[in-house]
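As a plain string of letters, each chain reads:
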Amino acid sequence: MDIENAGGPVRLTRVRTDVAERAELVGIVMEGTELTTAAVGAIDVPVGEVQLDPGGLAIKLDGLSQELAVGDEIEMVLTFEPGGELTVHYEVEPADAREHSHAGHSHD
């Protein structure tokens, strides 16, 4: 997911979705020889773009209420301070995806 910010700096402080008991903002870290996730609390979003992806900052969903398949679309609510809430629709991608789909949006 790319977060594009044309206003002043904001912080992404919370994510929620109906398809999971918990949605958490995480960073990918090395723990010994294993890759794991660590909660980051909030993500600074400067003017420009921040990328969330499997190799860096990401949204981790725990306690799924349904099985998700590649191509399913889920709704998430992102909370920014300042700025409030933004509802986004996200397409489920393969676990090994390295680039995200541009379905429904562009980077023009």
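Numbers given for residues are sequential positions, taken from 1 along each chain in its written order. The predicted origin of the model limits local features to residues at a pLDDT of at least 70 and limits the giving and counting of side-chain atom pairs to 80 or more, whereas totals for whole chains, interfaces and linings rest on all residues. Each side-chain value is worked out from all heavy atoms of the structure, with water and hydrogens disregarded.

(A) Region of the structure containing the pattern of salt bridges. Any Lys or Arg side-chain nitrogen found within 4 Å of a carboxyl oxygen on Asp or Glu counts as a salt bridge. For the coordinates displayed, the defined rule picks out three salt bridges. The partner of Glu85 in a salt bridge is Arg16, with the nearest N and O atoms 2.8 Å apart. Within this pair, whereas Glu85 is found in strand β9 (residues 84-91), its partner Arg16 is found in strand β2 (residues 10-16), the two being separated by 69 residues in sequence. With a 1.4 Å probe rolled over the protein chains alone, any residue whose accessible area is under 20% of its type maximum counts as buried; one over 50% counts as exposed, and the rest are partly exposed. For Glu85, a relative accessible area of 51% translates into the label exposed. Exposure remark for Arg16: the relative accessible area of 31% places this residue in the partly exposed category. The salt bridge partner of Glu24 is Arg22, with a shortest N-O separation of 2.8 Å. You can call Glu24 buried: its relative accessible area is 19%. Secondary structure counts use DSSP, requiring at least four H or I residues in a row for a helix and at least two E residues in a row for a strand, with both numbered from the N terminus.

(B) The arrangement of the side chain of Glu24 in detail. Note that Glu24 resides in strand β3 (residues 20-31). Between N or O atoms, a polar contact is any pair within 3.5 Å; within protein, one atom must be a potential hydrogen donor and the other a potential acceptor, and residues adjacent in sequence are included only when both atoms are from side chains. In this structure the side chain of Glu24 is engaged in a polar contact, spanning 2.8 Å, whose partner is the side chain of Arg22. Throughout, a residue-residue contact means that at least one pair of heavy atoms, one from each residue, lies within 4.5 Å. With residues near it in sequence (within four places) discarded, Glu24 still touches Ala39, Ala58, Ile59, Lys60 and Asp62.

(C) Main features of the sheet that holds strand β4 (residues 34-39). An order of β4-β3-β7 is seen for the three strands of this open sheet, with the pairing classed as antiparallel. Across the chains shown, the open sheet's two edge strands, defined by having one partner strand only, are β4 and β7 (57-64). With direction set aside, neighbouring strand axes in the sheet form an average angle of 50°. Pairing between strands is defined by DSSP: at least two bridges between the two strands are required. Summarising the sheet, β3 and β7 pair through seven bridges and their orientation is antiparallel. The residue of β7 that forms the bridge with Ala20 is Leu64. The axes are straight lines fitted to the C-alpha atoms, using for helices just the contacting stretch, and the angles between their N-to-C directions are given from 0 to 180°.

(D) Representation of the pairing of β9 within the structure. For strand β8 (residues 73-81) and β9, the ladder comprises eight bridges, and the chain directions are antiparallel. Opposite Leu78, over in β9, you have Leu86 as the bridge partner.

(E) Here's a closer look at the side chain of Asn5. One can find Asn5 in strand β1 (residues 2-5). Take Asn5: its relative accessible area is 12%, and that puts it in the buried class. One polar contact links the side chain of Asn5 to the main-chain carbonyl oxygen of Gly8, over a distance of 3.0 Å. Polar contacts involving the side chain of Asn5 include one to the main-chain carbonyl oxygen of Val45, which spans 3.0 Å. Every residue in contact with Asn5, bar those within four places of it in the chain, is listed here: Val10, Val45, Pro46, Val47 and Gly48.

(F) Structural context of the nonpolar core. Think of a nonpolar core as a cluster: buried Ala, Val, Leu, Ile, Met, Phe, Trp, Tyr and Cys residues, connected wherever their side-chain atoms sit within 4.5 Å. Membership of the largest hydrophobic core comes to 18 residues, with the highest contact counts inside it found for Met1, Ile3, Leu12, Val15, Val45, Leu78 and Phe80. Sorting the residues of this core by element identifies β2, β3, β5 (43-45) and β8 as the ones contributing at least two each. At four residues, the largest contribution of residues to this core is made by β8. Contacts of Met1, omitting those with residues within four sequence positions, involve Val50, Gln51, Leu52, Ile59, Met76, Leu78, Val88 and Tyr90.

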